[in-house]
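# Descriptive structure summary
Chain residues, written in single-letter form:
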Amino acid sequence: MTTATASDFTVPLLGGRAHFLLRRLHSLTGLVFGGYLVVHLLVNATLIEGVRHEGEAGKTVFQIQVDKIHSLPFLPVVETVFIYLPILYHTLYGIWITLTGQPNVNHYSYGKNWFYFFQRVSAVILVFFMLFHILGMKGVFGGDIGRALTFAPLHASQSTVNHFHAGWWVGYFIYPIGILASCYHLANGFWTAAITWGLTVSAEAQRRWGLACAGLFAFTLGCGLLALVSVLGSEVRPLPAEDVPEMRVPIVDVNKAK
Ligand code: HEM
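Residues numbered from 1 in each chain as written. Predicted model: local features only at pLDDT ≥ 70, side-chain atom pairs only at ≥ 80, totals over all residues.

Below, the discussion takes up the overall build of the chain. From N to C terminus, the chain includes nine helices and zero strands. Put simply, the chain runs from its N terminus to its C terminus through helices and strands in the order α-α-α-α-α-α-α-α-α. For the chain, with 258 residues in total, the buried portion stands at 22%. Across the chain, the fraction of contacts at a sequence separation of at least 24, relative to all contacts at a separation of at least 6, is 70%. (Helix = DSSP H or I, 4+ residues; strand = E, 2+ residues; numbered from the N terminus. Buried ≥ 20, exposed ≤ 12 C-beta atoms within 10 Å, placed from the backbone. Contact = placed C-beta atoms within 7 Å.)

The next subject is helix α1 (residues 19-45). Counted at 1.5 Å a residue, the expected span for α1 with its 27 residues is 39 Å, and the 39 Å between its end C-alpha atoms agrees. Inspection of α1 places H26, G30, F33, G34, L41, N44 and A45 among the buried residues, and these make up the whole buried set. In this fold, the buried residues of α1 make contact with α3 (75-100), α7 (168-196) and α8 (203-232). (Expected span 1.5 Å × (residues − 1).)

In the vicinity of the ligand, 25 residues are found, and the nearest of them are S27, G30, G94, G189 and T196. Counting residues per element, the ones that place at least two in the shell around the ligand are α1, α3, α4 (111-137) and α7. Element by element, the count of residues in the shell around the ligand is highest for α7, at eight residues. (Near = placed C-beta within 6 Å.)

Contact geometry for α4 and α7: axes closest at 8 Å, N-to-C directions at 130 degrees. Considered as vectors, α4 and α7 are oriented oblique to each other. Helix-helix and strand crossings are classified by hand; for α4 and α7 the assignment is left-handed. Along the contact surface, α4 presents F115, F118, Q119, S122, A123, I125, L126, F129, F132 and H133, while α7 presents I174, I177, G178, A181, S182, Y184, H185, N188 and G189. (Axes fitted to C-alpha atoms, helices over the stretch in contact; angles between N-to-C directions. Parallel < 35°, antiparallel > 145°, perpendicular 65-115°, else oblique. Left-handed = near helix turned anticlockwise from the far one by under 90°.)

Considering every residue of the chain, the mean pLDDT works out to 88; 88% of them sit at 70 or more. This model gives residues 248-258 a pLDDT under 50, and the stretch forms seven contacts once residues within four places in sequence are excluded. (pLDDT = per-residue confidence, 0-100.)

This part is about unusual backbone geometry. The phi dihedral of F74 falls on the positive side, at around 55 degrees, and the residue is not glycine. Mapping F74 onto the fold places it in the loop between α2 (61-70) and α3. Exposure remark for F74: the 9 C-beta atoms within 10 Å place this residue in the exposed category.

Here the focus is α7. Taking 1.5 Å of rise per residue, 29 residues should cover 42 Å, and α7 covers 40 Å from first to last C-alpha, within 8% of that figure. Approximately 35 degrees is the largest bend angle found in α7, and it occurs at Y175, with the proline P176 only one to four residues beyond. Positioned one or two residues after α7, G198 has a phi angle of 70 degrees, which is positive. (Bend = angle between axes of the 7 residues up to and from the residue.)

On to the nonpolar core, then. Counting 25 residues, the largest nonpolar core has A45, L47, C183, A187, A227, L228 and V231 as the members making the most contacts within it. The set of elements that each furnish at least two residues to this core consists of α1, α2, α4, α6 (156-164), α7 and α8. The leading source of residues in this core is α7, at nine residues. What A45 contacts, discounting residues up to four positions off in sequence, is C223, L226 and A227. (Core = buried A, V, L, I, M, F, W, Y, C linked by C-beta atoms within 7 Å.)

We now examine the packing of α1 against α7. For the pair α1 and α7, interaxial distance at closest approach is 10 Å and the crossing angle is 135 degrees. Relative to α7, the element α1 is oriented oblique. Crossing of α1 against α7: the hand is left-handed. In this structure, α1 uses S27, G30, L31, G34 and L37 to contact α7, whose residues at the interface are S182, L186, G189, F190, A193 and T196. Looking at the contact of α1 with α7 residue by residue, the classes come out as five nonpolar, six polar and no charged. (Nonpolar A, V, L, I, M, F, W, Y, C, P; charged D, E, K, R; others polar.)

Before going further, it helps to examine the environment of D144. Here D144 lies in helix α5 (residues 143-149). Between the alpha carbons of D144 and A166 there is a distance of 8.4 Å; along the sequence they are 22 residues apart.

Take the environment of N162 next. By secondary structure assignment, the location of N162 is in helix α6. The spatial distance from the C-alpha of N162 to the C-alpha of V231 is 8.3 Å, given a sequence separation of 69 residues. Here N162 is in contact with A148 and V236, once residues within four sequence places are set aside.

This is the structure we're talking about:
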């Protein structure tokens, strides 16, 4: 008698025995960053108020929120621990999951299979979108476009308006896609995370939580689009050069180089 064993075509589990923990950490970091994203989009939505210019009394709600964030003690540590490290881990492990995943929408065209597929499509978009968003805001890109993209904390609303007008493709192409991808990935991620943590076991529980997540998608997308429409409808104005943070790329000073 022979015992036939099927050859193993499965991809090796990353982390071997630690796979379970690594996977939970991926879910947890997604949730932590997701919580941050909801707050981020809410604050951005206050841009609907418009920009207040020199001489006009008071600060915009957006500027007040930015000031509060920038006055937090140990801000670089807080940012690193609660924002950069979680999303870095989530992204790196997420890339591995995406590369080793096996979408089956061409065989089984069920709604949930499409959700799974778009979770990965949105993840790939997010890798490039977040790089552009963070590096652009931090002033890493050079030239006139890089300067227009740079966020100036002292002129939070106006520098955000200038950022979106740095090129037509910023406000009318990159951000609409990036916002849609972020809100979809966030809402569908919250839906699957409840399964990961064993909170929605029955089909009925998953259906009800699905409605809540659809609401979250609509709400966050609404906030994101509100901010987008507000900044696109506002006027670009140059900022005082001394208030724009220095470019973080080495710029050759022609006079010194001589
Ligand atoms: C806006 C930023 C992001 C947020 C808020 C976020 C949030 C989440 C959440 C909450 C989950 C559900 C975890 C679970 O099912 O237990 C998830 C899943 C996932 N995320 Fe993200 N994520 C973000 C960016 C990224 C990026 C940049 C990648 C890079 C590839 C990525 C890759 C993935 C993948 C592949 C899954 C599916 C995991 C699975 O089905 O097992 N995510 N994300």
